[in-house]
4 protein chains.
Amino acid sequence: MSEIRDIPKPAPSSGLLARLKGMWREIAGDDDDPIPALAPDLAETDLDGLRRQLRACLAAKGGEVSARGRAAALGRAYLSLSATGRARFLAVLAEEFGPDRDSVDRAVQALASASADERPKAEAALRAALEPPRLRLLTQFNALPEGVKFLVDMRAELMRLAAADPVLAPLEADLKGLLASWFDVGFLVLERITWRSPAAVLEKIMAYEAVHAIQGWTDLKNRLDSDRRLYAFFHPRMPDEPLIFVEVALVEEMAGNVQDLLDPTAPVGNPEQAQAAIFYSINNAQKGLNGISFGNFLIKRVVDDLSHEFKRIRTFATLSPLPGFRKWLDERLVKGEPGLLSATEHRALTRASGGLGAKGSLKALLAESDWVVEPDLAQALEAPLTRLAARYLTAEKRPGGLQALDPVAHFHLSNGARVERINWMADLSANGLRQSAGVMVNYLYDLDDIDANHEAYSGLGKVALSSRVKALLKG
Amino acid sequence: MSEIRDIPKPAPSSGLLARLKGMWREIAGDDDDPIPALAPDLAETDLDGLRRQLRACLAAKGGEVSARGRAAALGRAYLSLSATGRARFLAVLAEEFGPDRDSVDRAVQALASASADERPKAEAALRAALEPPRLRLLTQFNALPEGVKFLVDMRAELMRLAAADPVLAPLEADLKGLLASWFDVGFLVLERITWRSPAAVLEKIMAYEAVHAIQGWTDLKNRLDSDRRLYAFFHPRMPDEPLIFVEVALVEEMAGNVQDLLDPTAPVGNPEQAQAAIFYSINNAQKGLNGISFGNFLIKRVVDDLSHEFKRIRTFATLSPLPGFRKWLDERLVKGEPGLLSATEHRALTRASGGLGAKGSLKALLAESDWVVEPDLAQALEAPLTRLAARYLTAEKRPGGLQALDPVAHFHLSNGARVERINWMADLSANGLRQSAGVMVNYLYDLDDIDANHEAYSGLGKVALSSRVKALLKG
Amino acid sequence: MSEIRDIPKPAPSSGLLARLKGMWREIAGDDDDPIPALAPDLAETDLDGLRRQLRACLAAKGGEVSARGRAAALGRAYLSLSATGRARFLAVLAEEFGPDRDSVDRAVQALASASADERPKAEAALRAALEPPRLRLLTQFNALPEGVKFLVDMRAELMRLAAADPVLAPLEADLKGLLASWFDVGFLVLERITWRSPAAVLEKIMAYEAVHAIQGWTDLKNRLDSDRRLYAFFHPRMPDEPLIFVEVALVEEMAGNVQDLLDPTAPVGNPEQAQAAIFYSINNAQKGLNGISFGNFLIKRVVDDLSHEFKRIRTFATLSPLPGFRKWLDERLVKGEPGLLSATEHRALTRASGGLGAKGSLKALLAESDWVVEPDLAQALEAPLTRLAARYLTAEKRPGGLQALDPVAHFHLSNGARVERINWMADLSANGLRQSAGVMVNYLYDLDDIDANHEAYSGLGKVALSSRVKALLKG
Amino acid sequence: MSEIRDIPKPAPSSGLLARLKGMWREIAGDDDDPIPALAPDLAETDLDGLRRQLRACLAAKGGEVSARGRAAALGRAYLSLSATGRARFLAVLAEEFGPDRDSVDRAVQALASASADERPKAEAALRAALEPPRLRLLTQFNALPEGVKFLVDMRAELMRLAAADPVLAPLEADLKGLLASWFDVGFLVLERITWRSPAAVLEKIMAYEAVHAIQGWTDLKNRLDSDRRLYAFFHPRMPDEPLIFVEVALVEEMAGNVQDLLDPTAPVGNPEQAQAAIFYSINNAQKGLNGISFGNFLIKRVVDDLSHEFKRIRTFATLSPLPGFRKWLDERLVKGEPGLLSATEHRALTRASGGLGAKGSLKALLAESDWVVEPDLAQALEAPLTRLAARYLTAEKRPGGLQALDPVAHFHLSNGARVERINWMADLSANGLRQSAGVMVNYLYDLDDIDANHEAYSGLGKVALSSRVKALLKG
């Protein structure tokens, strides 16, 4: 789980279905070879009809326009299926509409015997032979009124199914490639979301916010007040569906506590006086676009926009969770890894936990969360936990040794940000305590250093740190 | 030359260049490895710098966002080059950024030794190995402010150059594939063009109209009057650039003369009373999208829109030129093909041409055009020329034997239209006489028959004909 | 209380105030004669400064543009005042900025001595002399960023205050005249409200709906579903503020029960199949536009729009409350008016109420509302109550004898509608029982009869009735 | 003939008429008392029908909505009339729909006998009695699809007619008052006009530009280039009709020659480098809004916008003609006013004109315009003519003694501008030589001084001058 995650909440298919039915009537109504009514689970007897329709689409029977209509009808049929039926539908696509084996083999032969001059052409021919017909079928679903969203959701479904059934993996990969081309960042539109935005869009923002859940329309309105900004990327064919969005607070200085930022009773600040823009929540909204990245573009575009609008803002930073910190720490505590606490820290903790005895061990303390309301304990915990958090962020790597273990850290470090400050008691929500013992981190985006930071991180795994964090690490 | 053609007229690059310069300043201004100023012809010494930049783009040095900035700068550099320089730039892309030979060979080996289960994965891996890096570079140019138009124009240039230099063909094919994905008809927006449309768009319409040239703003305004319609497809990233457009006249009955339709002094008709919609000009506007077809979608969308707006319209038909008719006929006349004229026709023509002797031969008459002002001659010519035109449209095929020789006929017959009527003295402009001896044809779009017509034509080369045209063919 | 009423709920002044402060900084910041900070109650000592500023506005000191800036600052000052302060501010405007007595008297003299030819000019001069300077001041408040809304709200305040203090009445009348000119129906924009409308607008719809209160965003979304319509009039200068709106249900036949219409669990109907459009709620949203009527225009525009969009809809009718029915009936029951119930009705009621004795009297029954859950009682009540409701709507008049006593009836009858059907147990909400014993009425809008119905009603007080209602009246 | 050329100015009435006919069909088609077909000159027999319709409108026969439809039909009838017919139509409105004499007299009586307390109410009643019914009729024309434009054009017609026929003056005054309320500056929308603006709007800009005529679409495009700005005020109900517009050049320093500014071959400047914004043409576009001023608002809004967009611009000034200068000077030359030229000036002129003798007199020289191509003469003329121009602008007043004689000077001085510089040989067009001997003037808008300048000018007739102009005046 990470700051950047996806949610399955909205089920827009019912409205979509209604529109598709209309579409179906319009386009396929007078078809002489109508799509038969399908059993929800797609009975064996339905499969032949399905194959025939898929082949008619590919052959563009009746011309390109009719083929699109037929594809739309197939899309509608797909939406009417049960989970089992959909899996079968996808399996037909994956298994029976791949590259033609003979054509591929012939093209491989031709390549083998091609002269140097002929080689580029032979390569192109082989590549064409390898392009599976199902890719053309997927493209045709674009004819549905909400065809792009249809394909994005189909990929989400495919990813889930392909995890269990490797036969679907090539189809999933084809669809990913198609979506990656269509969702090139050059086609995305950055929009500021305000209280004047369509309710249909705001509803999605509420559903998709997974980092700091939105409690309702009042909470949302508060996050759209004059000292807040919410930006999202959209695709022109999915105008009501944010792809990724970021929530920003315009404040006087680098924020260190997220409950303060979200407090609906806090007075509204004057954005003209703001000196810091805090990115306190970033959410990917479309599971089906997993692995097609535009988060880095979003952040830099927003930094650019804000720095033009508000001349006083000098600091662009996040206030981010460390979603894997507690898990990482607990593993070490369970193993009894030596040297996690310094002697001084250990003494302070023992003193502060008083008569607690074993219940006063770091592990027990974190499990109970009672320290939150015990000022002495909280103070004694600050030094070791912030130091360990800094270590977790900077030294712990995924297999391979370059990428940070923490997914949020990896995202921002890849973007060229710097670990600027570790904040103690920064997120005291249940989730914040469970994931990261209340610790949060500011990643700083300094446009002058971003490229160099990115290179050092992606090439060498080197994490950019502020002197403050460096000092913390040294204890 | 055809009804559906392209023109090179507008040279929007100057304005584009200005915007690019700004872009360049913004994005690449603080680059530590700046694009060097290039010699217009791209001197040999420039090539190394160019290669280095291209490789930096591919490596996403400094991160994805910086890579896009770098690509934009490269695009700017490309635009500043001479024709020679551009050809060299493209040759570098084509020759040095193709698929990696070793990776391809390894993937071919892996495919050869793959088990049946492993084969789909091995195919996908080979396809990935065959995907040339230059494709990623082309995609990155999308970062330019008018990046999509940039790539469309680059393909137009590539098509011209590749005709002479086959080394460029694979690059051209890559670009075509990219554009075909981006310009999928599902992403296009149909817009009605009116006198309230932006002047910037209207200016392009005037420049791109190649079938019946627009004489100026007054002529254009006349073509946008209340009894006329002009529809165009646009791409969201090229809002001022029509991709294809069609001009329609809403009239009382199927029109048989194009000068009447274009006459600016004719009274404005009442569209509510119209019973026929005549598509009198269809123009592809972007040479760089050659081979990526959406004309059939345009016509059917417009038929759909008009039939909803005007309930009385029953007839949807074109008024089209026969661009290759005279050329085809002259070849036969030169060869002295027997039986071109029936005995009756020959007698009538001899009588009408009176003392002209040899000058009265069909070939001479057509070359002189004087028959236009000689009623007797014109009348004597009608029977043979309309009959021959019908034969030309329906019986003359391209190599392969299925597709009509005439390109406009092929377009409409592929769409499922029917040859409805041959019109005598229908286009007496210089161009109309030179290309088709003044003959024009109505292709009828009857939605009930379109699919069947398309199938019969594309499968068997069978041309749908009205009974009137059938009778004409029988003489 | 009526179907058409106003609500004081939203207090948008806080946001407005914030924007005004910005405005103030911009415009009046460098004024050499700044508006002094005012005591909330507007102390006696503040009044001189206020007068000076008002006079400076009138004199356009520094030019028209500066005068507008000054007016905006005065508007801001007004908004910062307490209720007492505002009353004083308005009293100054009303009492000290009326017509100049001497000028009026001179113009009266001139009129008296004018010849017939001179009279039109003398009349115009007198009219000009009577135009109070405060009208010019009111107009200048239009310079505020939300100046039109400011004036609308000021009139709402004035109406309340003028009821107690007649000195304010002429100022209120001036403002009404100004708003009537600005809100001429020709300037209003009809908009359909959907779930894609700005949340800022939807929020207002929820606040202003007073006939059938909206329970929250989910209820609102339900009222915007595909088988519902919501239309509102807007003024270009108040884009987030609906002026009046109507909610419509597209259903199969004339609806007779409002709880059914509002039921969020009811299945969504197919609007294409609808044969009736039921206007089930009409709300005036701006108290300050009281007496400036556009409800009739709204209904007829919506009828027009819907009849173009849905060809099957034949019936356009309301489902309306009878807000004064119970009050009217209770007065008669208290007085013991003879003959309210027929002998048959009385017997049936006695029988149905069984052992209730005096508690079974009509008056007691209505007061208790228990009849709702007693089928026999409810059935026995239907005949007398629907008959009495029909009598109430058609025969009971306001003083003057022409206008219907019931305000909702008066509105629709003025518009030319017909009393079509009285519905029993049609609104069983607490409010529906309290106001109209659960009875509702359908007013039918038949475009062919509207003008004649209007003339008969407005000229003679004659109420158009369906034959069904006529029969009901006859018992 | 060129592709890009101009069209004889728009005659929008034909399009309007067409739309009105549709409107007429819709609204008045089923009227039981239809507007009879009228003779173009409005025969005596037509007048009774007209009066009846006007009275039906006033009585709102059939309700308010029908009354609007009736008014629209009357408007259509008006547009179909000849000039004579329109004059008669307007005379009926003016003479027969004025205030009711008896009501006025009664209200005058009531005022005379009112107590102090009763007086405000009596004044309001008298004012109501004086409000002519024709004002309500005028308002109802707002129901026409382009009703506001209709009324603006009607006032232009009335102004012309009222000059000859005083009976129309009160009607014209009523209409002016109505338009002044509707066109309050708070309702106007400032728009920047670009090459992406609708051709329908650009066409109007070309037609309405009267200061420096636009030569065609190419000239217009040049005036919309990146170093130019064109702003216009619009009314929401007249979206294609600019009310007033200003053309601005963004240049390096205060411009002194208008041909240089308009030169289409001049290189495009970089607006980011501009230090001066030169307002070189301001045009009122609607004759019917004469006397309803918003020019001052336009200039200050544009100054405000530009100073936000371009931080380097320090100078906001006009480059303006002196339309009455030659006329004023010639009168003095004809009268032989002594001392027009100083002795030095006279000597220089005599020397420069060499052997011209009497033809070398100032009057003769100006009449011939030959001096333009004679450098010596031109140089000798500079000193006296710029000095006299400065005198003309600053010392010559209209009757009353406060307002500048020159209308352009009066406009800018009222706005608070300063006479900054007199430019010699600044407009050598035929018109520029004929009106102002080629002299032009820069009026400077310095926001710090505008209010004080305005007060000094409007109160005392004092003209703000730069030190350079002061020096020039002293000779």
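These figures come from a predicted structure and were not determined experimentally.

(A) Spotlight on the overall build of chain A. In terms of regular secondary structure, chain A is built from 21 helices and 7 strands. If one aligns the C-alpha atoms of chain A with their principal axes, the spans along those axes are about 85 × 55 × 45 Å. Expressed as a percentage of the 475 residues in chain A, the buried residues total 44%. Pairs at least 24 residues apart make up 74% of the contacts formed inside chain A by residues separated by at least 6 positions.

(B) Spatial organisation of the domain arrangement of chain A. Residue and element names in this part refer to chain A. Assigned domains within chain A: domain 1 (13-97 + 132-182), domain 2 (186-318) and domain 3 (325-474). The C-alpha-based centres of domain 1 and domain 2 are spaced at 35 Å. Listed as interface residues are 10 residues of domain 1 and, on the opposing side, 11 residues of domain 2. Those elements that place two or more of their residues in the side of domain 1 that touches domain 2 are helix H8 (147-164) and helix H9 (169-182). If one sorts the elements of the side of domain 1 that touches domain 2 by residue count, H8 sits on top with 7 residues.

(C) Examining helix H10 (residues 199-208) of chain B more closely. In terms of burial, H10 of chain B is largely enclosed, as 7 of its 10 residues are buried. Taken together, the buried positions of H10 of chain B are Ala 199, Val 201, Leu 202, Glu 203, Lys 204, Ile 205 and Tyr 208 of chain B. For H10 of chain B, the elements touching its buried residues are helix H11 (217-223), strand E3 (244-251) and strand E4 (276-284) of chain B together with helix H10 (199-208) of chain D.

(D) Quick look at the relation of the copies chain C and chain D. Rotating chain C by 180° and moving it 0.0 Å along the rotation axis overlays it on chain D with an RMSD of 0.1 Å. These values place the two chain copies in the arrangement generated by a two-fold rotation axis. Residue Arg 127 of chain C, judged by its C-alpha, is the member of chain C lying nearest the rotation axis, at 2.9 Å. When you check the interface residues of chain C against chain D, 100% turn up at the interface there too, and the contact is symmetric in its surfaces.

(E) Layout of the nonpolar core. Among the nonpolar cores identified, the biggest contains 232 residues, and Ile 278 and Ala 389 of chain B together with Ile 278 and Ala 389 of chain D are the most heavily contacted of them. Of all the elements, helix H17 (residues 375-395) of chain D adds the most residues to this core, at 9 residues. Ignoring sequence-local partners within four residues, the contact set of Ile 278 of chain D consists of Val 248, Ala 249, Val 251, Met 254, Ala 255, Leu 261, Ala 317 and Leu 319 of chain D. Leu 54, Leu 168 and Tyr 280 of chain A together with Ala 409 of chain C belong to the second largest nonpolar core, which has 229 residues in total.

(F) Highlighting the pairing of E4 of chain B. Residues and elements named next belong to chain B. With respect to burial, E4 is a largely interior element, 8 of its 9 residues being buried. Pairing between E3 and E4: 8 bridges, direction antiparallel. Bridging from a neighbouring strand, Val 246 pairs with Ile 282 of E4. Across 4 bridges, E4 lies against strand E5 (residues 315-318) in parallel orientation. Its bridge partner being in E5, Phe 279 is matched across the sheet by Thr 318.

(G) Focus on the UniProt feature "domain: Malonyl-CoA decarboxylase N-terminal" (unreviewed entry) in chain A. When the UniProt feature table is mapped onto this chain, "domain: Malonyl-CoA decarboxylase N-terminal" (unreviewed entry) is found at residues 97-183 of chain A. Here residues 97-183 of chain A runs as 74% helix and 0% strand, with 24 Å between its end C-alpha atoms.

(H) Local environment of the arrangement of the chains. Across the gap from chain B to chain C, with no contact made, the nearest C-alpha atoms are 12 Å apart. Nowhere do chain A and chain D come into contact; their C-alpha atoms are at least 12 Å apart.

(I) Local environment of the packing of helix H7 (residues 133-140) of chain A against H9 of chain A. Residues and elements named next belong to chain A. At a minimum axis distance of 10 Å, the contact between H7 and H9 shows a crossing angle of 50°. Classified by the angle their axes make, H7 and H9 are oblique. By crossing handedness, the relation of H7 to H9 is classed as right-handed. Facing H7, whose interface residues are Arg 134, Leu 135, Leu 138 and Thr 139, H9 presents Leu 171, Asp 174, Leu 175 and Leu 178. The residue inventory of the contact of H7 with H9, partitioned by class, reads 5 nonpolar, 1 polar and 2 charged.

(J) View of the interface of chain C and chain D. Each side of the interface is counted separately: chain C has 37 residues, and chain D has 38 residues. Mapped by element, the contributors of at least two residues to the side of chain C that touches chain D are helix H3 (64-79), helix H5 (101-112), helix H6 (119-130), helix H9 (169-182), helix H13 (295-309) and helix H20 (450-460) of chain C. Top element by residues in the side of chain C that touches chain D is H6 of chain C. It accounts for 6 residues. Of the residues assigned to the side of chain C that touches chain D, the class counts are 15 nonpolar, 13 polar and 9 charged.

(K) Just unusual backbone geometry, in detail. Residues and elements named next belong to chain B. Not every positive phi belongs to a glycine, and Ala 60 is a case in point at roughly 50°. When the 18 C-beta atoms within 10 Å are taken as the criterion, Ala 60 is described as partly exposed. In this structure, Met 425 is a non-glycine residue whose phi angle is positive, near 55°. Turning to its location among the elements, Met 425 is positioned in the loop between strand E6 (418-423) and helix H19 (430-436).

(L) Expanded view of the environment of Gly 98 of chain C. Here Gly 98 of chain C lies in the loop between helix H4 (83-96) and H5. Residue classification places Gly 98 of chain C among the buried residues on the basis of 21 C-beta atoms within 10 Å. Sequence separation between Gly 98 of chain C and Arg 134 of chain C is 36 residues, and the spatial gap between their C-alpha atoms is 6.3 Å. Sequence-distant contacts of Gly 98 of chain C, defined by excluding residues within four places in its chain, comprise Pro 132, Arg 134 and Pro 170 of chain C together with Pro 120 of chain D.

(M) Main features of the packing of H6 of chain C against helix H6 (residues 119-130) of chain D. At a closest axis distance of 9 Å, the pairing of H6 of chain C and H6 of chain D adopts a crossing angle of 140°. Classified by the angle between their axes, H6 of chain C and H6 of chain D sit oblique to one another. The two elements H6 of chain C and H6 of chain D meet at a crossing, and its hand is left-handed. Facing Glu 123, Leu 126, Arg 127 and Leu 130 of chain C of H6 of chain C, the residues of H6 of chain D in contact are Glu 123, Leu 126, Arg 127 and Leu 130 of chain D. Looking at the contact of H6 of chain C with H6 of chain D residue by residue, the classes come out as 4 nonpolar, no polar and 4 charged.

(N) Just the pairing of strand E3 (residues 244-251) of chain D, in detail. All names here are of chain D. Most of E3 sits out of view: 8 of its 8 residues are buried. Taking every second residue as pointing to the same face, both faces of E3 are buried, with Ile 244, Val 246, Val 248 and Leu 250 on one and Phe 245, Glu 247, Ala 249 and Val 251 on the other. Both strand E2 (residues 228-234) and E3 contribute to a ladder of 6 bridges, which runs antiparallel. Among the inter-strand pairings, Arg 228 is bridged to a residue of E3, identified as Ala 249.

(O) Here's a closer look at the environment of Trp 195 of chain B. By secondary structure assignment, the location of Trp 195 of chain B is in the loop between strand E1 (189-192) and H10. For the pair Trp 195 of chain B and Asn 222 of chain B, spaced 27 residues apart in the sequence, the C-alpha separation amounts to 9.4 Å. Setting aside chain neighbours within four positions, we find Trp 195 of chain B in contact with Lys 221 and Leu 224 of chain B together with Ala 199 and Ala 200 of chain D.

(P) Inspection of the confidence of the model for chain A at higher detail. Residue and element names in this part refer to chain A. The pLDDT averaged across chain A works out to 89; a share of 91% of its residues lies at or above 70. Segment residues 1-33 is flagged for pLDDT under 50; beyond a separation of four residues in sequence, or across chains, it makes 55 contacts in the model. For this predicted complex, the interface confidence comes out at an ipTM of 0.88, alongside a pTM of 0.90.

(Q) Representation of the environment of Glu 96 of chain B in the model. Along the polypeptide, Glu 96 of chain B turns up in helix H4 (residues 83-96). In this structure the C-alpha to C-alpha distance between Glu 96 of chain B and Ala 213 of chain B, which are 117 residues apart in sequence, comes to 43 Å.

Conventions used here
Residues numbered from 1 in each chain as written. Chains lettered and ligands numbered in written order. Predicted model: local features only at pLDDT ≥ 70, side-chain atom pairs only at ≥ 80, totals over all residues. Helix = DSSP H or I, 4+ residues; strand = E, 2+ residues; numbered from the N terminus. Buried ≥ 20, exposed ≤ 12 C-beta atoms within 10 Å, placed from the backbone. Contact = placed C-beta atoms within 7 Å. Domains from an automatic or database assignment. Least-squares fit on C-alpha atoms with pLDDT ≥ 70 in both. Core = buried A, V, L, I, M, F, W, Y, C linked by C-beta atoms within 7 Å. Pairing = 2+ DSSP bridges. UniProt positions renumbered as here; feature names shortened; annotations may be inferred. Axes fitted to C-alpha atoms, helices over the stretch in contact; angles between N-to-C directions. Parallel < 35°, antiparallel > 145°, perpendicular 65-115°, else oblique. Left-handed = near helix turned anticlockwise from the far one by under 90°. Nonpolar A, V, L, I, M, F, W, Y, C, P; charged D, E, K, R; others polar. pLDDT = per-residue confidence, 0-100.

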